[in-house]
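# Inside the fold
So the chains spell out like this:
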Amino acid sequence: MLIIIHSETNQHTIAQNLGRSEYSYYFVLKEYRPVLERLGRVVEVVDPAREVDALYLECLSRGEPCVFLSFSPPHRTPIHLACPTLPVFAWEFSTIPNEPFDNEPRNDWRTVLRACGAAITHSSYTVNAVREAMGADYPIVAVPAPVWDRFAARGAQLQGQSSTGPVRLTIKGLIADSRQLDLDAFGPKHLRRGQGIDFQAPVREQELLLDGVVYTSVFNPGDGRKNWEDMLSAFCVTFRDVEDATLVLKLTHHDAEEALSDILHHLYKNQTYRCRIVLIYGYLADADYERLVQATRYVVNTSYGEGQCLPLMEFMSCGKPAVAPRTTAMIDYLSTDNAFLVESTDELTAWPHDPRRAFRTLRYMTNWASVCVAYRDSYEVAKNDPGRYAQMSAQAVASLQAFCSQAVAEQRLRDFLAQVHELRAIAATEATGA
């Protein structure tokens, strides 16, 4: 079988696309690729309109099965190709787009899903949303990005190393440390005084020392789903008088000033606090990323919803319990055994690519007081209950193995691609008979 793959962002454009729409699809493609290579020959294309059908016709001539996996949301998936096409997409809202808008028929995802005949997504939550719109028998499978093997191996290497002692890492980029900043420089414009941050300064290497009970979150601050405001304010309130509690925000974005400015203003607004907030904007080599994982006691998420949440999956695969809401994709792998769960309520919202901003779906608003409780309880366990922490750590590894290991992904993809091939063969036979 030939498996053709494509993402609009690729290894040549990822640097300038960080934080832009759909950039994370490239990382999903990268994680899928080793598994796909066990199932067939894999060819990555840059221009599907020009390359895919040419490869498909070559396969037809020699009787080789061929499928095109478009790592993109349905409204950006081509449906005019002769080659069988499957969108591979993430989704975190209660309904899929089921009406056309903005003069684009594909914005009604049902049009694309009908044309493709099947699809791949990353969670049971999305499978249910699709089948609600397409029918209970629509061929769709949940295959999360298989990150477990790589990050569980990192976690195993970190076992036996102290996660409570100081950990030093090197960052090529910007570090904003609440204990070293003059926060008055980030207040309202008419009240600002003191020295801020020179965002135009040359990028340089800096050292960061982390100790105490460290909470880490990795996200794009421009992503409106992430709700980092609640994460930050609840931390500042809960640990207002706690010096050894640290929140590390590793920011993924293409523009430092755009990524940091609003968060810095929130640091100013949440004063005063004795806990520590560290913002990291820049590149972390693998060794330093591993040291960040080593320093971390809990990975944090307070988002309105997730298609799968790669950073949460990565840290939990390394044995780091979570502070997070059990909603959307996170339903599949979070539990009271591996996380301090945050309560949430649903609220009306719009599909993110709908320029009308029309209320058509639901997202999940975290309960701010519940975030505070989760912080407080998790800190107590980290400080005073090493046995429970060790159990939660082991459960995080085991849960993510069952959710996003390469073995799980390989079996699900193998079975699903065989099912899709069989359904197409039956359809072709019926069409010929007709």
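Description of the structure in this document.

Analysis parameters
Residues numbered from 1 in each chain as written. Predicted model: local features only at pLDDT ≥ 70, side-chain atom pairs only at ≥ 80, totals over all residues. Heavy atoms only, no water. Helix = DSSP H or I, 4+ residues; strand = E, 2+ residues; numbered from the N terminus. Contact = heavy atoms within 4.5 Å. Core = buried A, V, L, I, M, F, W, Y, C linked by side-chain atoms within 4.5 Å. Buried < 20%, exposed > 50% of the residue type's maximum accessible area, 1.4 Å probe, protein only. Salt bridge = Lys/Arg side-chain N within 4 Å of Asp/Glu carboxyl O. Disulfide = S-S within 2.5 Å. Phe/Tyr/Trp six-rings, centres within 6.5 Å; stacked < 30°, edge-to-face > 60°. Lys NZ or Arg CZ within 6 Å of the ring centre and 35° of its normal. Axes fitted to C-alpha atoms, helices over the stretch in contact; angles between N-to-C directions. Parallel < 35°, antiparallel > 145°, perpendicular 65-115°, else oblique. Nonpolar A, V, L, I, M, F, W, Y, C, P; charged D, E, K, R; others polar. Arc of directions from axis to C-beta.

## Focus: the environment of P311
Tracing the backbone shows P311 in helix α10 (residues 310-317). Taking C-alpha positions, P311 is 16 Å from I331, a pair spaced 20 residues apart along the chain. Not counting residues up to four positions away in its chain, the partners in contact with P311 are V218 and V299.

## Examining the nonpolar core
Ranked by size, the top nonpolar core spans 80 residues in total, and within it L36, L69, F71, I120 and Y333 carry the most contacts. Looking at this core, the element that brings in the most residues is helix α2 (residues 25-39), giving 7 residues. In contact with L36, not counting residues within four places along its chain, are I3, I5, V42, L69, F71 and L413. Counting residues in each nonpolar core, the second largest holds 48 residues, with A185, I197, W228 and M231 among its members.

## Describing the pattern of salt bridges
According to the stated counting rule, one finds 27 salt bridges in the structure shown. Its salt-bridge partner being R154, residue E290 comes within 3.5 Å of it at the nearest N-O pair. Remark: R154 occurs in helix α6 (residues 148-158) and E290 occurs in helix α9 (residues 286-295); sequence separation between them is 136 residues. Accessibility expressed as a relative area gives 22% for E290, which makes it partly exposed. Three or more residues joined by partner-sharing salt bridges are found here, namely E99, D354, R356 and R360.

## Let's talk about the state of the cysteines
Under the counting rule described, the total for this entry stands at 0 disulfides. No disulfide involves C59; its nearest neighbouring cysteine sulfur is the one of C66, lying 4.1 Å away. With relative accessibility at 0%, the residue C59 sits in the buried group. Here C372 stays free of any disulfide, with the sulfur of C236 as its closest cysteine sulfur at 10 Å.

## Quick word on the packing of aromatic side chains
Applying the stated criterion across every chain, the model contains 20 aromatic pairs. Between Y289 and F315, the ring centres sit 5.8 Å apart and the planes meet at 75°, which makes this aromatic pair edge-to-face. Of the two residues, Y289 sits in helix α9 while F315 sits in helix α10, which places them 26 residues apart along the sequence. Note on F315: relative accessible area 0%, which makes it buried. One aromatic cluster in this structure is built from Y215, F235, F239, Y298, F340, Y375, Y379 and Y389. Above the ring of Y389, the side-chain terminus of R297 is found at 4.1 Å from the ring centroid. Directly above the aromatic system of Y304 lies the positively charged group of R363, at a separation of 3.8 Å from the ring centroid.

## Comments concerning the packing of helix α4 (residues 109-116) against helix α5 (residues 124-134)
The geometry of α4 relative to α5 is characterised by a closest axis approach of 11 Å and an angle of 90° between their N-to-C directions. Between α4 and α5, the angle is such that the two are roughly perpendicular. Between α4 and α5, the contacting residues are R110, L113 and R114 on the first element and V130, A133 and M134 on the second. Looking at the contact of α4 with α5 residue by residue, the class counts come to 4 nonpolar, no polar and 2 charged.

## What to know about unusual backbone geometry
In the segment running from Q271 into T272, the intervening peptide bond is cis, with an omega of 0°. Positionally, T272 belongs in the loop between α8 (256-269) and β11 (276-283). Within the chain, N103 stands out as a residue other than glycine whose phi angle is a positive 55°. Of note, N103 is situated in the loop between β4 (85-88) and α4. The phi angle at T328 is positive, at roughly 45°, despite the residue not being glycine. Classification of T328 as buried rests on a relative accessible area of 1%.

## So, α6
Since there are 3.6 residues in each turn of an α-helix, residues three or four apart along the chain are aligned in direction. Turning to α6, its buried residues are W148, F151, A152, R154, G155 and L158. With its buried residues spanning 155° around the axis, α6 presents them on a single face. Here the buried face of α6 lies against α9, α10 and α12 (386-404).

Spatial relationships are all this shows, so hold off on functional conclusions.
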